[in-house]
Amino acid sequence: MRLVALTSLLATIPARAFRPVPIKTLQRNMSLQSTAKEALLSCPTIPLYDNTLHPVIGFGTYKVGFIPASASSTSASSEPTTVERTAEECVSDALSVGYRFLECAEFYGNESEVGKAIKSSGVPREELFICSKVWTTTIEKGPEAIRAQLEKTLSDLGTDYVDLYLIHWPVPGKHVEAYKTLEILQEEGKIKHIGVSNYAVEDYQELFAEGIKVKPAVNQIEINPFLYRKNTIEFFKKEGVVLQSYR
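Keep in mind the model is a prediction, meaning the values are calculated, not measured. (Residues numbered from 1 in each chain as written. Predicted model: local features only at pLDDT ≥ 70, side-chain atom pairs only at ≥ 80, totals over all residues. Heavy atoms only, no water.)

Asks: For this particular structure, what's the right way to read the overall build of the chain?
Replies: Across its full length, the chain holds 9 helices and 11 strands. Among the 247 residues that make up the chain, the fraction classed as buried is 40%. Looking at the chain alone, contacts between residues at least 24 apart form 68% of all its contacts between residues at least 6 apart. Split by element, the accessible area of the chain, about 14,300 Å² in all, is 56% carbon and sulfur. (Helix = DSSP H or I, 4+ residues; strand = E, 2+ residues; numbered from the N terminus. Buried < 20%, exposed > 50% of the residue type's maximum accessible area, 1.4 Å probe, protein only. Contact = heavy atoms within 4.5 Å. Areas by Shrake-Rupley, 256 points an atom, 1.4 Å probe, with all protein chains shown as cover.)

Asks: Before we go on, may I ask you to explain the nonpolar core in this structure?
Replies: In a soluble, globular protein the nonpolar side chains are often hidden away together inside. The biggest cluster of nonpolar side chains holds 36 residues, and the ones touching the most others in it are Leu102, Val162, Ile167, Leu182 and Ile191. Going through the elements one at a time, helix H3 (87-96), helix H4 (111-121), strand E7 (129-134), helix H6 (143-157), strand E8 (164-167), helix H7 (175-187) and strand E9 (194-197) are the ones with two or more residues in this core. Residues contacting valine 162, with those up to four places away along its chain left out, are Arg125, Ile130, Leu150, Thr153, Leu154, Leu157, Lys190, Ile191 and Lys192. Judged by nonpolar contacts, the second largest core, of 9 residues, contains Leu48, Cys131, Leu166 and Val218. (Core = buried A, V, L, I, M, F, W, Y, C linked by side-chain atoms within 4.5 Å.)

Asks: Before we go on, may I ask you to explain the confidence of the model for the chain in this structure?
Replies: In regions of low pLDDT, the predicted coordinates are not meant to be interpreted in detail. Scored by pLDDT, the chain has a mean of 86; 81% of the residues are at 70 or more. Within the model, pLDDT remains below 50 along residues 72-78, and this stretch shows 2 contacts once partners closer than five positions in the same chain are excluded. (pLDDT = per-residue confidence, 0-100.)

Asks: Teacher, can you tell me more about the sheet that holds E8 here?
Replies: By definition, the strands of a sheet pair up through backbone hydrogen bonds, in either a parallel or an antiparallel sense. Taken in spatial order, the 7 strands make up an open sheet running E3-E6-E7-E8-E9-E10-E11, and their pairing is parallel. Each of the sheet's edge strands pairs with one partner strand only, and the pair in question is strand E3 (59-60) and strand E11 (242-246). (Pairing = 2+ DSSP bridges.)

Structure representation (structure tokens):
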């Protein structure tokens, strides 16, 4: 049906609407695309506490190919919404233009599609920086559920490890235990770096008050021109924790 609709549309467009594109314009566009890919492939990095280089530009996969029920939804029974392009297609495009840092999460509901894109891309695993996050409902179920979810994430993404694994939200009464579970999984080699997401200063301090051994490498929080948390940013910079920002 799409082809028919397109054919009908083309039939209504005057012939004068179609103009030849000069070869120099095509060459310039191709050059710009090449330059953009080179820029992504060689984008700046930020060293984590162990001097691992964290790319400053990444491709976030939230609402890519699949829209999960909103975390702020008032209806617990809200049905997920699908979209036309799959996450596999979108992530394949991202990898083809030079993205090498992929930001994923259990909650996003599309890690198996992301894994298909990684596999078909031919990009060596060592060239990728893959981040994922464990969701609140899994954290509430305890250590075994967290372990099972990580195994599922690894299977879906087609990898033996993730470069960065985050606590998605500081679930009251549960997030410290969850973090300590990630420390064990890190010792087993399934996680290269542990981090947190949406943590306030008080949540971070609670981790240390409860005796964690590994400092979070990253705190992923909302930072943008409309929400610039100066005090929070300064605190985590002094702590040596890299801030990942999202809009």
